[in-house]
Amino acid sequence: PGDLASVHEYLATLPQNEKPEVFGLHANADIAVQKAESRSMLDDSISIQPRGGGGGDVADPNEIVTELAGELLAKVPDPISTEGAHPSIFELTSAGIVTSLTTVLVQEVDRFNSLIKAIRSTLVELRRAVAGEVVMSSELDMMYTSFLYQKVPDLWTRAAYPSLKPLGSWFVDVLQRIAFLRTWMQEGVPTSFWISGFYFPQGFLTGVLQTHARRHSIPIDELKFRTVVQPVGPEDLLEPPEAGVYIHGVFLEGAAWDRAGSLVEMKKGELHTAMPAIWLECVRLDEPTETEESYKCPLYKTSTRAGSLSTTGLSTNHVMNLDLPSLHHEPSHWIHRGVALLCMLNS
């Protein structure tokens, strides 16, 4: 105990902000917080910027939007067609129906074809509105503003999947997803599935279980997945597994992955780790799929890690939990770290 002045003197020596380690977090948590605060500050700054040009050498907003719309329009692909599909895609089973994965593919193609249509039509209308050929509606005006600040327009997000990416990388991501589905349609079932490329990955997972259930005459509600992380990437997988599927394209946040097959601490400054291919093996409910060393890691579509129940009764963001081995720490360690798998990054 001491006088008030000594107490004030001691308090002055304490840090303004607690270190992440105090809360059981990695030092990288500071970097993540700073990035989030910077992004929020920039978004606030952008929201109060005037839209009109300033004069001098400042580019005219109409020219910027028109040029960007033209560049994007030139890259919009044609809708995915079922004509010329690989013979195995619509091959009928012994029950006289197409496979569950074909049903998943067709549903995904329909969703992305609708997105392609929405992107193409709104880009055309925006260019016409900027040129004065049609009235600039409130929705087109919002799209105009979004283009100026490299944000995805609401007209597109309403027809698309959840994403936190800025406009440029979002558009590239859309093109990659369309290419993935087109390749599947034209070349047949892939050896490994890019789970991040699905509009509705939960539907794909249900299709995998249903395929196994029909093949072995097992009720689908008696099946589940066993997680087996592979030592290689999808490019090194030569053929699909006998039961279940290989998936790839997910990122680990809050921890790193040791190629020996375990969760480990992140390196400083590395916020995400790309995971190797993962075998989702279909097994019966009574078969063990986890051990005392397993961390039940949630897989989310985006880094928001929050969602709501959709009309299907499933979360709009949480996809599933995967059992990842933790050979060096107790599973509770990764719970404190907030470790999760993500289908996509924000950049």
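Heads up: the structure comes first, above all this text.
Residues numbered from 1 in each chain as written. Predicted model: local features only at pLDDT ≥ 70, side-chain atom pairs only at ≥ 80, totals over all residues. Heavy atoms only, no water.

(A) How the structure looks around the pattern of salt bridges. In the structure shown here, the tally under the stated rule is 13 salt bridges. The closest approach of N and O atoms between Glu-108 and Arg-111, which form a salt bridge, is 3.3 Å. With a gap of 3 residues between them, Glu-108 and Arg-111 both fall in helix H4 (residues 100-130), about one helical turn apart. With a relative accessible area of 1%, Glu-108 lands in the buried category. Through salt bridges with shared partners, a single network forms among Glu-125, Arg-128 and Glu-133. (Salt bridge = Lys/Arg side-chain N within 4 Å of Asp/Glu carboxyl O. Helix = DSSP H or I, 4+ residues; strand = E, 2+ residues; numbered from the N terminus. Buried < 20%, exposed > 50% of the residue type's maximum accessible area, 1.4 Å probe, protein only.)

(B) The arrangement of the sheet that holds strand E3 (residues 245-248) in detail. With mixed pairing, the 4 strands of this open sheet are ordered in space as E1-E3-E8-E2. Looking at strand neighbours, the two that pair on one side only are strand E1 (192-194) and strand E2 (223-229), the edges of this open sheet. Neighbouring strand axes in the sheet, compared pairwise and without regard to direction, differ in orientation by 35 degrees on average. (Pairing = 2+ DSSP bridges. Axes fitted to C-alpha atoms, helices over the stretch in contact; angles between N-to-C directions.)

(C) The arrangement of the side chain of Ser-326 in detail. By the secondary structure assignment, Ser-326 is in the loop between strand E10 (318-325) and helix H9 (331-337). Polar contacts involving the side chain of Ser-326 include one to the main-chain carbonyl oxygen of His-329, which spans 2.6 Å. Those residues in contact with Ser-326 that sit more than four places away from it in its chain are Ser-262, Leu-263, Glu-293 and Trp-334. (Polar contact = N/O pair within 3.5 Å; in protein donor to acceptor, adjacent residues only side chain to side chain. Contact = heavy atoms within 4.5 Å.)

Fair warning: the whole summary comes from geometry, so function is off the table for now.
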